[in-house]
Amino acid sequence: MGARSRGGTRSLLLLSLHLLCLHSCLRCSVSAAGSGDPYVGVTIGTAVTNLLSPSDLAAFLRAQRITHVRLYDADPRLLSALASSGATAIVGVPNDELLALGSSPATASAWVARRVLPFAAANSTTPGLISAIAVGDEVPTALPSALPILLPAIQSLAAALTAANLSSIPVSTPLPFSIVLEPFPPSQAYFNQSLAKSFLLPLLSHLANTSAPLMLNLYPYYSLMQSSGVVPVDNAMFKPLPPSLEMVDPNTLLHYTNVFDAMLDAVYVALKNLNVSAGIPVLVTETGWPSYGDRKQEPYASKDNANTYNSNLIKHVTEKPGTPMRPGTQASVYIYELFNEDLRPGPASEANWGLFHGNGTPVYLLHVTGKDGFLGNDTTDRTFCIAADDADEKAVQAAMDWACGPGRSDCTAIQPGEGCYEPNDVRSHASFAFNTYYQSQGKAGGSCYFQGAGMVTTTDPSHDSCIFVGSKLYSNVTKSDGANTTTTQTSDAEGSAVWRLRTGREKGFLSALRLLLSLMVVVIMTNSNFWT
């Protein structure tokens, strides 16, 4: 992003189940960046402690079924490894290389020969590996002094590619959304006039002539942060809104249910205002949401919000609705970013935009089951059982209570102070309990049903230091008796009555509870169908 160049009996049964627990998503083919079917990719930054080796990274991409990546340089070692991953890559030219490329066509030709030709020529084993070249990153705001040489660098690289019979690889530059002024309502948007004639018009003309996309870094998160409360949080995260909260463009009367579409339509209007052909596709080279930030300065940076935004983004793109102004015309996107770059300076959020930690465990579990396998774990039989997205929370709670009780799932890890206590919510805890039962039953058919509250997924639900049974990482974090021993910081909610009971406190109550449970066990085992 910018800072880079710059994250009755039935009632009694349910009561008994509750007491028991107290006792115990994109893979689409594309011919060139910005064309073909819409897809979701990820960016890969390298400011990561103990970053995976190139070969391990390629294996990780295969495992997660990620087929489109954006790199911020053109590291030959990484590209060589990616050749076996099945992914296509946008390769980048860092801002500090613009001067040499923009001032010397010979330097541009040498760059193509060294960084592109080995991976794209006809005699290459993976001639389709490089999908586009991104020259610089947000240059108008990150390095404005280099703006005069940006287009010459793009043109020189395009000419060098043509000379090497690689004109099918488009060349463009990722621009910040801030070049669009007055974006809300979209019908009033226009490009920064100081850039329009001197830079944007020549650039857009080149993109049209070479069938290259307009690359944009687009962040509803920052629109929310800068809106002073005008933009509803749900609107920024694709959540369904009542009509009264939808943004209506007074000039077109179009309704906007999310900020992402409104920002895209603002770009389309700005292009139209420059009399630019609508044939130039827009490619979103960065978008995302931070999972952590300073509580006072960045209150919306949280795992729940990041999960919601990125999960809904994936669904939005793969379902191809387009925007209100251009229905059916859906831009492809790259999520910023694959790994948390813990070595990045700046605000707390800067190090927390990743979908995964550097060790490959998820920062949070994306809700993208069924979305063409994107971000799904590899393997033919490595499956997990988690709480279903559409299940009622009360049903999830009751099913978890059964799993931790009669189901004999080891729920120790979701108690306060243990490795899977955070995040402290019903669905997260239930997912751990469901999966433990499911794995203990050998993943037998029906063992993940839980009265409709459970669902099977190929995505490893492990996150942070919480490793689920069945994960490839599980054997590394277990005791000799198989108990999960990972730990995380205890939640502020540790003092709740429920979890005090689960940790063995309130012993007087538990003594009475044991008597009640002994009386109810026959009823439970006869009437409960959570395990089938």
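Here the structure is shown first, and the text comes after it.
Note that the structure is a prediction, hence the values are computed from the model and not measured.

(A) View of the overall build of the protein. Each helix and strand in the protein was counted, giving 17 helices and 15 strands. In the protein, buried positions account for 54% of the 532 residues. Per element, the accessible surface of the protein, about 21,900 Å² overall, is 53% carbon and sulfur.

(B) The pairing of strand E4 (residues 130-135), seen in detail. For E4, the tally of buried residues reaches 6 of 6 residues, placing the bulk of the element in the interior. The pairing of strand E3 (residues 88-93) with E4 spans 5 bridges and is classified as parallel. In the strand pairing of E4, Ile 90 is matched with Ala 132. Of the pairings in the sheet, the one linking E4 to strand E5 (residues 171-172) comprises 2 bridges and is parallel in character. In the sheet register, Ala 134 faces E5, and the bridge partner there is Ser 172.

(C) Expanded view of the state of the cysteines. Throughout the structure, instances matching the rule amount to 3 disulfides. Each disulfide pairs two cysteine sulfurs, and for Cys 385 the partner residue is Cys 448, the sulfurs being separated by 2.0 Å. Between Cys 385 and Cys 448, the S-S dihedral sits near 90 degrees, and the bridge is therefore right-handed. Pair noted here: Cys 385 is in strand E14 (residues 384-387) and Cys 448 is in the loop between helix H15 (426-440) and strand E15 (454-457), with a separation of 63 residues, a long-range link. Neither Cys 385 nor Cys 448 differs from the other in exposure class; each is buried. Sulfur-sulfur distance for the disulfide between Cys 404 and Cys 411 comes to 2.0 Å. Every disulfide takes its handedness from the sign of the S-S torsion; for Cys 404 and Cys 411 that torsion is -95 degrees, giving left-handed. Across the pair, exposure class does not vary: Cys 404 and Cys 411 are buried alike. Take the cysteines of the protein that form disulfides and number them in order along the sequence; they join up as 1-5, 2-3, 4-6.

(D) Local environment of the packing of helix H8 (residues 147-163) against helix H9 (residues 193-210). Interhelical geometry of H8 versus H9 gives an angle of 10 degrees and a closest axis separation of 10 Å. The angle between H8 and H9 places the two elements in the roughly parallel class. Of the residues in H9, those in contact with Leu 147, Leu 150, Leu 151, Ile 154, Gln 155 and Ala 158 of H8 are Leu 195, Phe 199, Pro 202, Leu 203 and His 206.

(E) Seen up close, the sheet that holds E4. Ordered in space as E5-E4-E3-E2-E1-E13-E12-E9-E6, the 9 strands form an open sheet in which the pairing is parallel. The outermost strands of the open sheet, each flanked by one partner alone, are E5 and strand E6 (175-176). Pairing geometry for strand E2 (residues 68-71) and E3, over 3 bridges, is parallel. Bridging from a neighbouring strand, His 68 pairs with Thr 88 of E3.

(F) Looking closely at the packing of aromatic side chains. One pass over the full model with this rule turns up 19 aromatic pairs. When the ring of Tyr 219 is compared with that of Tyr 222, the centres are 5.5 Å apart and the planes differ by 70 degrees; the resulting orientation is edge-to-face. The class of Tyr 222 is partly exposed, set by a relative accessible area of 27%. Cluster of aromatic residues (ring-pair linked, three or more members): Tyr 219, Tyr 221, Tyr 222, Phe 238, Phe 260, Trp 289, Tyr 309, Tyr 336 and Trp 353. Cation over ring: Arg 326 sits above Tyr 268, and NZ or CZ is 4.0 Å from the ring centre.

(G) Seen up close, the environment of Val 139. Of note, Val 139 is situated in helix H7 (residues 139-142). The exposure class assigned to Val 139 is buried, which follows from its relative accessible area of 1%. The spacing of Val 139 and Leu 175 is 36 residues in sequence and 7.0 Å in space, taken between C-alpha atoms. Beyond its immediate sequence surroundings of up to four residues, Val 139 is in contact with Asn 95, Leu 98, Pro 144, Ala 146, Leu 147, Leu 150 and Pro 174.

(H) Region of interest: the side chain of Ser 462. Among the secondary structure elements, Ser 462 is positioned in the loop between E15 and helix H16 (497-502). What makes Ser 462 buried here is its relative accessible area of 1%. At 2.7 Å, the side chain of Ser 462 forms a polar contact with the side chain of Asp 460. Among the polar contacts listed, one links the side chain of Ser 462 to the backbone nitrogen of Phe 468, at a separation of 3.0 Å. When neighbours within four sequence positions are excluded, Ser 462 is seen to be in contact with Pro 362, Ile 467, Phe 468 and Ser 471.

(I) Local environment of the side chain of His 316. Locating His 316 in the fold gives a position in helix H13 (residues 303-318). Excluding its chain neighbours within four sequence positions, the residues that come into contact with His 316 are Phe 238, Asn 258, Phe 260, Asp 261, Pro 321, Gly 322 and Gln 330.

(J) A look at the pattern of salt bridges. Under the counting rule described, the total for this entry stands at 6 salt bridges. Here the residues in one salt-bridge network are Arg 70, Asp 137 and Glu 286, joined through shared partners.

(K) Molecular detail of helix H14 (residues 393-404). End to end, H14 covers 16 Å across 12 residues, agreeing with the expected 16 Å (1.5 Å per residue, within 8%). Where H14 is concerned, the buried positions are Val 396, Ala 398, Ala 399, Met 400, Asp 401, Trp 402, Ala 403 and Cys 404. The N-cap residue of H14 is Asp 392: its side-chain oxygen and the backbone nitrogen of Lys 394 are 2.9 Å apart.

(L) Region of the structure containing the packing of H14 against H15. At their nearest, the axes of H14 and H15 sit 9 Å apart, and the two run at 40 degrees to each other. Regarding the angle of H14 to H15, the classification is oblique. In the packing of H14 onto H15, the handedness of the crossing is left-handed. Residues Glu 393, Val 396, Gln 397, Ala 399, Met 400, Trp 402, Ala 403 and Cys 404 of H14 lie in contact with H15, whose contacting residues are Val 426, Arg 427, His 429, Ala 430, Ala 433, Phe 434 and Tyr 437. The class makeup of the residues in the contact of H14 with H15 is 11 nonpolar, 2 polar and 2 charged.

(M) Structural view of unusual backbone geometry. With an omega dihedral of -5 degrees, the bond running from Phe 184 to Pro 185 counts as a cis peptide bond. As for its position among the elements, Pro 185 is in the loop between strand E7 (180-181) and strand E8 (190-191). Here the amide bond leading from Tyr 336 into Glu 337 is cis, since omega sits at 10 degrees, within 30 degrees of zero. Residue position: Glu 337 is located in the loop between strand E13 (333-335) and E14. Phi angles above zero are rare outside glycine, and Phe 238 is one such case at about 65 degrees. Given a relative accessible area of 13%, Phe 238 falls into the buried group. Although it is not a glycine, Lys 443 sits at a positive phi angle of roughly 55 degrees. Mapped onto the secondary structure, Lys 443 falls in the loop between H15 and E15.

So, how was this worked out
- Residues numbered from 1 in each chain as written.
- Predicted model: local features only at pLDDT ≥ 70, side-chain atom pairs only at ≥ 80, totals over all residues.
- Heavy atoms only, no water.
- Helix = DSSP H or I, 4+ residues; strand = E, 2+ residues; numbered from the N terminus.
- Buried < 20%, exposed > 50% of the residue type's maximum accessible area, 1.4 Å probe, protein only.
- Areas by Shrake-Rupley, 256 points an atom, 1.4 Å probe, with all protein chains shown as cover.
- Pairing = 2+ DSSP bridges.
- Disulfide = S-S within 2.5 Å.
- Axes fitted to C-alpha atoms, helices over the stretch in contact; angles between N-to-C directions.
- Parallel < 35°, antiparallel > 145°, perpendicular 65-115°, else oblique.
- Contact = heavy atoms within 4.5 Å.
- Phe/Tyr/Trp six-rings, centres within 6.5 Å; stacked < 30°, edge-to-face > 60°.
- Lys NZ or Arg CZ within 6 Å of the ring centre and 35° of its normal.
- Polar contact = N/O pair within 3.5 Å; in protein donor to acceptor, adjacent residues only side chain to side chain.
- Salt bridge = Lys/Arg side-chain N within 4 Å of Asp/Glu carboxyl O.
- Expected span 1.5 Å × (residues − 1).
- Left-handed = near helix turned anticlockwise from the far one by under 90°.
- Nonpolar A, V, L, I, M, F, W, Y, C, P; charged D, E, K, R; others polar.

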